[in-house]
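Report on the structure
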Amino acid sequence: MAGLELLSDQGYRLDGRKATELRKVQARMGVFSQADGSAYIEQGNTKALAVVYGPHEVRGSRSRTLHDRAVINCQYSMATFSTAERKRRPHGDRKSAEMSLHLKQTFEAAVMTQLYPRSQIDIYVKILQSDGGNYSVCVNAATLAVIDAGIPMRDYVCACTVGFVDETPLADLCYAEEGGGGSSLALALLPRGGQIALLQMDAMTACKGVSKVLDEVVRQHLQDVSVLTRE
Amino acid sequence: MIKTERILHLKSFRGRKVRVVREHYLREEVPCYSAVCQAGCVNDGKVLSGELTHYVVPDASVVADYLEVLELRELQGIVFTQTAFQAVQHNKGRSRQYNRLRGLLKDPRHNCVLFANEFQEYSYCPREKGESQDKWQTKCVYSAAVWYHDHLAGLKPIVMITEDQAAVTQYSSLNAGVYVISIQDYLQNFWPDLQAAHELYSSISQALQEKGSEGTEREYAEHLPAEVLEAGIKSGRYVQGILNVNKHRAQCEAFIRIEGSTNKNTDLNSDVLVCGVKNRNRAVHGDGVVVELFPKSEWRGKTTALTEGQGEEKTGEEAQSQPMPTGRVVGILQRNWRDYVVTFPPREETQSQSRNSQRILVVPWDQCIPKIRISTQQADALQDHRVVVRIDSWESTSLYPNGHSVRVLGRAGELETEIQTILIENCIHVPPFSEAQLREMPVISPEKPWRVDPGQVVVRRDLRDTHLVFSIDPRGCEDVDDTLSVHTLPGGEVLELGVHIADVTHFVAEGSLTDLEARARATTYYLADRRYDMLPAVLSANLCSLLGGVDRYAMSVLWELDARTLAVKKVWYGRTLIRSSYQLHYELAQALLKGENAEVPELTQLGTEEKDAKLAQLTQALEMLTHVARHLRAKRDREGALELEGVEVRAQLDEEKNITALVPRQPLEIHETVAECMIYANHWVARKIQESFPQQALLRHHPPPRQEFFCQLVDSAKARGFFCSTRSNKALADSLEQAVDPQDPLVNKLLRVMATQAMSNALYFSTGACSQDQYYHYGLALDRYTHFTSPIRRYADMVVHRLLTAAINLENAAGHSKPSASNKELEEMAQHINNKNRAAQQAQRLSTELFQCLYFKDKDPQVDQCCVADAVIYAIRANGMLVFIPQYGLKGAVYLRNREGQVVTVGQDGSCEWQSGSVQRYPERISTTCSRGTSTFSLFDHITVRISVQASRYHSVSLHMEVISNKPHQNAEQQPPQLQGRSQLVQEVVRLAEEQAHDKAARGPKFSKEEREFCQSKSPNLYSLLEEVRELALIEQSPCGGTAVKSLQYRPYSAGMLSTC
């Protein structure tokens, strides 16, 4: 079968959204009382849970201690029931490790780590249900959890994905759209300064239109996400 | 928006079932696209007319089965539901139908819209557990119909049509104003007079009924499932390609042309042969198929003998060439069925068939297509008529495909029927222009003539008083789309050459009905006796035609050339206002150049002195033009431009459309001069738009030919002792230049014809779809080329005009204008125009052949001198040879052995007769041996043939040639035939000389300095990409010192971008 038609002639996507519409976002902070901060977020059918511990003193090997700022430790995992076919290994695979690293880099850019020298902040994120845009949902969940924990940040980190089909940018891709063969770009942003914390692009074809995608959709719509996540 | 969920059960790649949950958003405001909408929907685009009596909502099965009926333009106000639309979309093997439906919805001439009912909050109904798909679809369509009725506040009755009787009884009485009826009732009640719809309906429904009652005996092997085919192609086990049936032996031989470089079988560089109908396995000419190769021991060669007549196939002792890859079809990827013209067999034959219900085997006009079985009640009335049919299906249990009739063309053999047949067989649709289209045209009448708009005078450069503009066209030309000007600028150092092209796009707005119609036609169709215009006559023959003495809008290219070296100093592009001073024709211009005393019609009224002065001015301009053109031509020749020959002959018709003669046309230098200027303009416009829009400019390229196609040329040249180098276009041009036989100028002509045949056609493309080294035009030896100079009769030129306008605006207004079409759309359009051009050429050729046959039809071959002509042998086959008749521009086969096994022998005086004997073939000659001795025919020999007409009931009429002497034909009142032949060889003058010129020449890819030195391409590379990312203002040195994390990820295969060498 020729690939799915991701964008109909009338401008509807597979699930009935228009090109620039986001999925429905629902979020809740403080879902657990044991942790220092926690949050739960749903973006469409992608659901994630984030928990923050700390700042506390560095656990494990002391050698990781940094003397001028805090260490950020991130762990990303996916529940075995999160995908259509049951996952064998919830965490520790190559993809999760990569995602953990990306999260860590993102939050090192956002959290004011220099306020907590010789300490550690743990961020654990778990995907409960996966339907595209896992990275951006994780970032949004973790931001809420960090806010809940009361750790100072330069700005809230907001993330969203965008795809490029038939020269039209599509905001907030779902799973079917991510697998549809086009290019997809995930972007985490500190909206107030308009600064980019992380940019990741997966494309099978040349990415001639990056600037167009970035300018027209991502910047504008990340504002929307930031409004939503702040509530 | 409300979020709901949809649960789908899909099959995973491993064949396991997976439960997938997808979100499904519902919204209140889904546009209804109706003109009578009360709720204020945002209806942009096509809107259902408010004047209709009712709207029709077909359900999914009706759309799937009876789309053809709904396609009729008379049926209006059709609301296609998303449910039905997706049912067609997801139906495997119906992608063609899906594309047709999409085309229908986009086509503004059809009054139909798509309603996204599944995204509408109140018309969506979720599928319940255990509900069958058909029931659910019917329910959805019905609730959409009800919503539509309520949404329009009951202003329009809604008719839902379905073939499901249960649905009719269940829903028909639920809502007032929403009627549920069957399609038959609908047609009878609402369209009782629309005969075409009724016929189409009954023929389709009959075909559907018959489908159920197939026999069970298997005639063909089943096709393999799509997954297996895909895996097989990837692993190299199967080969994918397009099926091409050999016209001359449609029953037994077909070839698969391998597509692109996808096949991994490196030893497979030729086509794949498929022998016999069983191995072809229900594939029809043109289908995309997958073949499995046989082991090498079973490979066979293709037949090299000529076959006489149709249908009767002999196998066995026929001569075969080298064995080539042979295989069988295992699956079909893409059906490529179109409308076919068929002929009903005469009564005697139908009766023997008709025991088997009402099914009849009809014979397609195209010999490549198998017979088609159709069900009809009208077999008797339609015998010997030509009818359009469509193929519906071809089951493995059936020997022939099943189809249904669409419409009747007329009795076979009549001129109108035959012309219609040619049009339909080439998929050319040229209905008269509709009212709505003509309404878009400016009104002009004698009382209210068209005037130049003062607003336009301001924005255009006015050349009316400053430039001497003139046009040179064939005599009696109505649509003048190009004019020229040339003069020396003050100071004498600089020469200004101008090409001014009719500004069609000023009158035809993009997206207007006229524009869409022109896009659909893509070109003006020239047949032997008539033409079908691309634009309405008011534009093509009046407003856009750059006639003499009137003000016209134009698009101009003006070059400032150095007067001595003729190097380009400056180029100006833009819209202008011109008044052509002289409307010359070729013969007149040539006469002026030669200094002959020719009468220019524009000057007859003037006094002698003034006349002489003006004439001198004009002649000087023409001389200057010739000088420039010679220089340009020489420059291209140095690069390797080719000069080749076509053998098209134009039939001269009298008022009753009878052929009176085949009039020769003397090629004049002025033809070439005008053509050269046009090529120059095209080239510079191509440069301009390509530089302005590197990703989305429409250009024309001519790919270098494959070397193996030159075999015949090289061998034939060798037979006459010439060496032919085909390494590059320059080498080819040089060796063709030298291959001249002083005794027989035809040899060179024929060699050039062979070279032309070896080449591929020039094609339009979008610059984003090819890499830059593929832009090259082999025939013209230009690095970039496009079509700009004939917007009246080619749609591609209109596209280029729009691109050029956008490019000019871009320059002036710094980025306010962008081309309207993206690379993808442009590439689609280029493909469409290429296809239509091919069809136009084909139709023109067929109609010329038709008239050639008509010319010989009334003449008795035994008596009439016209039917005996001189011919030249240009190829040798196993049982005969191919000859070219210069006098009529005909090509054909001459047999040396007939079906009884007799061969042609030559007597003492050169006359030929049939005797039993044998034929022996050599590379350069063929000889027959019998009791009277041996006679030999070699390549390029002149012989005399008699031409007769071979009538055919089912196919087109063809000409038959018979050798009557091996001496050149000497006719008392004629000059020596070869001289006559030379003058008779007419270049293809029907199209502009410019167009054929580019179907000539070539040269190897030109690398830039960087490419040669560092193997680095200029196209987007990683460096420029990174540069782009840098420009995105990543926050490296932001005041708060945040760590910017950049991660550019590429999958391994995008690394190919780094280097194109």
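You'll find chain B entered in an unreviewed UniProt entry as DIS3-like exonuclease 1, with Myripristis murdjan given as the organism. Taken directly from UniProt, the Sequence similarities (unreviewed entry) text for chain B runs: "Belongs to the RNR ribonuclease family." Quoted straight from UniProt, the Cofactor (unreviewed entry) entry for chain B says "Mg(2+)".

An unreviewed UniProt entry annotates chain A as Exosome complex component RRP41 of Myripristis murdjan. Among the UniProt annotations of chain A, the heading Sequence similarities (unreviewed entry) holds the following wording: "Belongs to the RNase PH family."

1. Comments concerning the overall build of chain B
The secondary structure content of chain B amounts to 28 helices and 41 strands. Expressed as a percentage of the 1061 residues in chain B, the buried residues total 51%. Across chain B, contacts joining residues at least 24 apart in sequence account for 68% of those joining residues at least 6 apart. For chain B, the accessible area works out to roughly 49400 Å², and carbon and sulfur atoms hold 49% of it.

2. Topic: the packing of aromatic side chains
The geometry of two aromatic rings is summed up by the distance between their centres and the angle between their planes. Residue and element names in this part refer to chain B. Per the stated rule, a full pass over the model turns up 17 aromatic pairs over all chains. Joined through ring pairs, the aromatic side chains of Tyr55, Phe115, Trp147 and Tyr148 make up one cluster. Positioned above the aromatic ring of Phe433 is the side chain of Arg521, whose terminal nitrogen or guanidinium carbon lies 4.4 Å from the ring centre. Looking at Arg700, its charged tip hangs above the ring of Tyr764, at a distance of 4.6 Å from the centre.

3. Comments concerning the pairing of strand β6 (residues 158-161) of chain B
All names here are of chain B. Residues Ile158 and Met160 of β6 are buried on one face, and the alternating residues Val159 and Ile161, pointing to the opposite face, are buried as well. Pairing of strand β3 (residues 55-58) with β6, which is carried by four bridges, proceeds in the parallel orientation. Residue pairing for β6: Val57 is matched across the bridge by Met160. Here β6 pairs with strand β7 (residues 178-181) via four bridges, running parallel. Along β7, the bridge assignment pairs Val159 with Tyr179. Regarding the hand of the β-α-β motif, the stretch spanning β6, helix α5 (residues 165-171) and β7 is right-handed.

4. Topic: the pattern of salt bridges
On inspection of all chains with the given rule, the structure shows 44 salt bridges over all chains. The residue B:Asp503 makes a salt bridge to B:Arg575 at a minimum N-O spacing of 3.0 Å. Taken together, the positions of B:Asp503 in the loop between β23 (494-502) and α14 (504-507) and B:Arg575 in strand β27 (residues 568-585) put the pair 72 residues apart, joining distant regions of the chain. Using a relative accessible area of 1% as the deciding quantity, one classes B:Asp503 as buried. What emerges from the salt-bridge pattern is a single network uniting A:Arg13, A:Asp15, A:Arg17 and A:Glu177.

5. A few points about the sheet that holds strand β17 (residues 372-375) of chain B
Residues and elements named next belong to chain B. Pairing is mixed around the closed barrel formed by five strands, whose spatial order is β15-β16-β17-β19-β18. Taken pair by pair, the neighbouring strands of this sheet meet at an average axis angle of 55°, ignoring direction. Across four bridges, the pairing between strand β16 (residues 359-364) and β17 is antiparallel. The residue bridging Ile360 from the neighbouring strand is Ile374, located in β17. Seen against the sheet, helix α11 (residues 415-425) touches β15 (340-343), β18 (385-393) and β19 (402-411) and runs at an angle of roughly 145° to β19.

6. Quick word on the pairing of strand β33 (residues 880-885) of chain B
Residues and elements named next belong to chain B. Across the six residues that make up β33, a large majority, six, are buried. Across the two faces of β33 the burial is the same, with Gly880, Leu882 and Phe884 and Met881, Val883 and Ile885 all buried. As paired strands, strand β32 (residues 868-877) and β33 are joined by five bridges and run antiparallel to one another. Across the sheet, residue Val872 finds its bridge partner in β33, namely Phe884. What sits between the antiparallel neighbours β32 and β33 is a turn of two residues. Two elements, β33 and strand β34 (residues 890-895), share six bridges in a ladder whose sense is antiparallel. Bridging across to β34, Gly880 finds its partner in Tyr895.

7. With respect to helix α1 (residues 60-71) of chain B
Counting buried positions over the twelve residues of α1(B) gives ten, a clear majority of the element. Every buried residue of α1(B) is listed here: B:Ala60, B:Val62, B:Val63, B:Ala64, B:Tyr66, B:Leu67, B:Glu68, B:Val69, B:Leu70 and B:Glu71.

8. With respect to the confidence of the model for chain B
Residues and elements named next belong to chain B. Summary statistics for chain B give a mean pLDDT of 77 and a share of 82% for residues scoring 70 or more. A low-confidence stretch, residues 308-318 (pLDDT under 50), is modelled with 17 contacts involving residues beyond four sequence positions or located in other chains. Of the two predicted TM-score estimates for the complex, the pTM is 0.67 and the ipTM is 0.84.

Calculation rules
Residues numbered from 1 in each chain as written. Chains lettered and ligands numbered in written order. Predicted model: local features only at pLDDT ≥ 70, side-chain atom pairs only at ≥ 80, totals over all residues. Heavy atoms only, no water. UniProt positions renumbered as here; feature names shortened; annotations may be inferred. Helix = DSSP H or I, 4+ residues; strand = E, 2+ residues; numbered from the N terminus. Buried < 20%, exposed > 50% of the residue type's maximum accessible area, 1.4 Å probe, protein only. Contact = heavy atoms within 4.5 Å. Areas by Shrake-Rupley, 256 points an atom, 1.4 Å probe, with all protein chains shown as cover. Phe/Tyr/Trp six-rings, centres within 6.5 Å; stacked < 30°, edge-to-face > 60°. Lys NZ or Arg CZ within 6 Å of the ring centre and 35° of its normal. Pairing = 2+ DSSP bridges. Right-handed = clockwise from strand over helix to strand, strands pointing away. Salt bridge = Lys/Arg side-chain N within 4 Å of Asp/Glu carboxyl O. Axes fitted to C-alpha atoms, helices over the stretch in contact; angles between N-to-C directions. pLDDT = per-residue confidence, 0-100.

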